[in-house]
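Structural features, examined
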Amino acid sequence: MPNVAVIGAQWGDEGKGKVVDWLASRADIVVRFQGGHNAGHTLVVGNETYKLSLLPSGLVRGKLGVIGNGVVVDPDALLAEIARVEAQGLKVTPDRLRIAENTPLILPLHSALDRAREAARGEHKIGTTGRGIGPAYEDKVARRAIRVCDLAEPETVSRKLDELLLHHNTLLKGLGAETFEKQDLFDRLMALAPRILPYAEPVWERLDEARRAGRRILFEGAQAVMLDVDHGTYPFVTSSNTVAATAASGAGIGPGAVGFVLGIAKAYSTRVGSGPFPTELHDATGQLLGDRGHEFGTVTGRRRRCGWFDAVLVRQAVKVAGIQGIALTKLDVLDGLPELKICVGYRLGGEVVRRLPAAPAAQAAAVAEYETMEGWSGSTRGARSWADLPAQAVKYVRRIEELTEAPVTLLSTSPERDDTILVRDPFEG
Ligand code: GDP
Ligand code: IMO
Ligand code: MG
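Residues numbered from 1 in each chain as written. Chains lettered and ligands numbered in written order. Predicted model: local features only at pLDDT ≥ 70, side-chain atom pairs only at ≥ 80, totals over all residues. Heavy atoms only, no water.

Summing up its helical and strand segments, the protein chain has twelve helices and 18 strands in all. Its C-alpha radius of gyration of 21 Å places the protein chain within 12% of the 22 Å reference for a compact globule of 429 residues. Seen through its principal axes, the protein chain has C-alpha atoms that stretch 65 × 50 × 40 Å. Across the 429 residues that make up the protein chain, the buried fraction comes to 57%. Total accessible area on the protein chain is roughly 16800 Å²; 50% of this is exposed by carbon and sulfur atoms. The centroid of the 52 positive side-chain charges in the protein chain is displaced by 1 Å from the centroid of its 53 negative side-chain charges. (Helix = DSSP H or I, 4+ residues; strand = E, 2+ residues; numbered from the N terminus. Rg over C-alpha atoms; globule rule 2.2 N^0.38 Å. Buried < 20%, exposed > 50% of the residue type's maximum accessible area, 1.4 Å probe, protein only. Areas by Shrake-Rupley, 256 points an atom, 1.4 Å probe, with all protein chains shown as cover. Lys, Arg positive; Asp, Glu negative; His and termini not counted. Charge placed at Lys NZ, Arg CZ, Asp CG, Glu CD.)

Bound to the magnesium ion (ligand 3) are the protein donor atoms Asp13 (OD) and Gly40 (O), situated 2.0 to 2.1 Å from the metal. Here glycine 40 lies in the loop between strand E2 (29-32) and strand E3 (41-45) and aspartate 13 lies in the loop between strand E1 (4-8) and helix H1 (16-24), a separation of 27 residues in the sequence. Taking the relative accessible area as the measure of exposure, aspartate 13 reaches 22% and is therefore partly exposed. (Donors = N, O, S within 2.8 Å, 3.2 Å for Na, K, Ca; no water.)

Under the domain assignment used here, the protein chain contains domain 1 (4-100 + 201-260), domain 2 (108-196) and domain 3 (266-428). The centre of domain 2, based on its C-alpha atoms, is set 37 Å off from the matching centre of domain 3. The interface is formed by six residues belonging to domain 2 together with five residues belonging to domain 3. Interface area lost by domain 2 to domain 3 is led by Gly127, Thr129 and Arg131, which between them contribute 66%. Counting every contact that joins domain 2 to domain 3 gives zero salt bridges. Counting the contacts that link domain 2 with domain 3 gives three residue pairs in polar contact (both at pLDDT 80 or more). Of the residues that constitute the side of domain 2 that touches domain 3, the class distribution is one nonpolar, three polar and two charged. (Domains from an automatic or database assignment. Contact = heavy atoms within 4.5 Å. Buried area = accessible area lost by both parts, 1.4 Å probe. Salt bridge = Lys/Arg side-chain N within 4 Å of Asp/Glu carboxyl O. Polar contact = N/O pair within 3.5 Å; in protein donor to acceptor, adjacent residues only side chain to side chain. Nonpolar A, V, L, I, M, F, W, Y, C, P; charged D, E, K, R; others polar.)

This part takes up the environment of isoleucine 196. Positionally, isoleucine 196 belongs in helix H6 (residues 182-196). For isoleucine 196, a relative accessible area of 1% puts it in the buried group. Those residues within four positions of isoleucine 196 in sequence are excluded, and the remaining contacts are Pro75, Leu78, Leu79, Val148 and Leu151.

Bringing the site of ligand 2 into the picture now. In the vicinity of ligand 2, 20 residues are found, and the nearest of them are Asp13, Lys16, His41, Thr129 and Thr238. Here an oxygen atom of ligand 2 and a side-chain polar atom of histidine 41 are 2.8 Å apart. Glutamine 223 places a polar main-chain atom, nitrogen or oxygen, 2.9 Å from an oxygen atom of ligand 2. Protein contact buries 97% of the 550 Å² of open area that ligand 2 shows by itself. Residues that form the shell around ligand 2 fall into these classes: seven nonpolar, ten polar and three charged. (Near = heavy atom within 4 Å.)

Attention shifts here to the packing of aromatic side chains. Pairs of aromatic rings are described using the distance from one ring centre to the other and the angle between the two planes. By the definition in use, this model includes three aromatic pairs. Ring geometry for tryptophan 11 versus phenylalanine 277: centroids 5.0 Å apart, planes at 55°, classification tilted. Within this pair, whereas tryptophan 11 is found in the loop between E1 and H1, its partner phenylalanine 277 is found in the loop between strand E10 (269-271) and helix H9 (284-292), the two being separated by 266 residues in sequence. Here phenylalanine 277 falls in the buried class, since its relative accessible area comes to 7%. Their ring planes at 75° and their centres at 6.5 Å tell us that phenylalanine 33 and phenylalanine 219 sit as a pair that is edge-to-face. Here phenylalanine 33, found in the loop between E2 and E3, pairs with phenylalanine 219, found in strand E8 (residues 217-220); they are 186 residues apart in sequence, far enough to count as distant. (Phe/Tyr/Trp six-rings, centres within 6.5 Å; stacked < 30°, edge-to-face > 60°.)

Before going further, it helps to spend a moment on the sheet that holds strand E17 (residues 408-412). Spatially, the ten strands line up as an open sheet ordered E7-E6-E5-E2-E8-E1-E9-E13-E17-E18, and their pairing is mixed. The open sheet has two free edges, formed respectively by strand E7 (200-201) and strand E18 (420-422), since each of these has just one partner strand. Summarising the sheet, E1 and E8 pair through three bridges and their orientation is parallel. In the strand pairing of E8, valine 6 is matched with glutamate 220. (Pairing = 2+ DSSP bridges.)

Here we take up the nonpolar core. Leu328, Leu331 and Tyr396 are the most contacted members of the largest nonpolar core, which totals 71 residues. With seven residues, the top contributor of residues to this core is helix H10 (residues 311-321). Summarising the domain contributions, this core has at least three residues from each of domain 1 (4-100 + 201-260) and domain 3 (266-428). Not counting the four nearest positions on each side in its chain, leucine 331 is found in contact with Ala267, Trp376, Thr380, Leu389, Ala393, Tyr396, Val397, Leu411 and Ser412. Counting 36 residues, the second largest nonpolar core, distinct from the first, contains Leu79, Leu165, Ile196 and Ala200. (Core = buried A, V, L, I, M, F, W, Y, C linked by side-chain atoms within 4.5 Å.)

In this section: unusual backbone geometry. With an omega dihedral of 5°, the bond running from tyrosine 234 to proline 235 counts as a cis peptide bond. Secondary-structure assignment places proline 235 in the loop between E8 and helix H8 (246-249). Here lysine 330, not a glycine, exhibits a phi torsion of approximately 60°, which is positive. Assignment of secondary structure puts lysine 330 in the loop between strand E13 (325-329) and strand E14 (339-348).

Next comes the structure, spelled out in structure tokens:
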């Protein structure tokens, strides 16, 4: 019985939250393995809408949620999110949520540095969420991060704060931003410790036991392959690896346990923040996709940039992340459009290529080559079986399968949990 990893195949906001929530009914444990509260996952269940950033989406189904060591946790943001969903009627007690003891923390100085650096970049800004994600991962790799387990050792926190502040205050001062006082940070962390530590444990042990007992584990990715720090549109990326392989290292389990890799892709493209976007539309169609798809950031409220489906990019994501099946979402947003375009190549110099080059100037210069398809007049909104889809919509899906070299194994036709068509159960491999 394999496990399943759900990852974004484009630039994020593909509907991972909805798909994870839907699949969670078949899982025992849902694990976040990278990213932080830069993620915004929206789940619509009847009249209730849940917006989750750090909490694994399976909590809404009452499944055990695990935050793996590959995540960066802002303890204030976590507690605020717990309070928010508890106000919506969910229970997030330590028997429902476990956090890896070796998870690095995001501190207030990380978001301060994130924002100060973005301001200094001016027009070259990355368009980060300003949540301190990048600086927190930098500190992890630099071996000075304060981790969840350190909260039980005040002396460790004190020593690490000295090192952190030496580094960060120097940078913040250089950037003309406010610096931080050790005592303030120390007191704040010590006040947080008793509220965070009850969730902490070596989650690798729990996951190992679950795996051996045949429990189903669902790995919930954040961001997406084109935001992966190695494989994405660098430097316009996030600071973690978002590909499915990260589920293993970011949770503390072997790569063989990751299971089926389900890539989530929208039936068109969107992107928040700066960076290349070859199929971006600056016209009325782009506006229409944004309006109909409610393309506003869950976390930032920023309007998302919109464009046609980019089969070159999704095919590349399929290859680099080992995506075995695609969950295609938001097909309903295309209802009624007379004509649809799919990017099938990039013109670069005199050539047409089927990959996004790695160098930034080449990426920015790539011009999308399109194939045009007729749209459909009927509605796909809320469809729950293939038979409910207009023939032309099925053709569009089939063409996406051919071009991306991956089967569409799941289809989503509205934000609502049950408006989903299952073609092949990913837990069956
Ligand atoms: P995530 O970050 O990948 O979890 O995606 P977000 O939640 O940030 O953004 C996806 C948005 O699309 C959310 O508002 C979802 O409620 C919505 N959504 C998900 N699937 C569908 C769908 O099939 N059709 C429509 N119209 N909306 C969807
Ligand atoms: P979910 O999980 C869309 C983008 C930011 C910015 C870049 C770097 O909801 O799909 P960061 O704050 O991570 O350093 O910002 O990455 N970004 C996302 N875009 N969806 C997300 O998450 C994102 N998380 C980060 O907009 O361009
Ligand atoms: Mg999102």
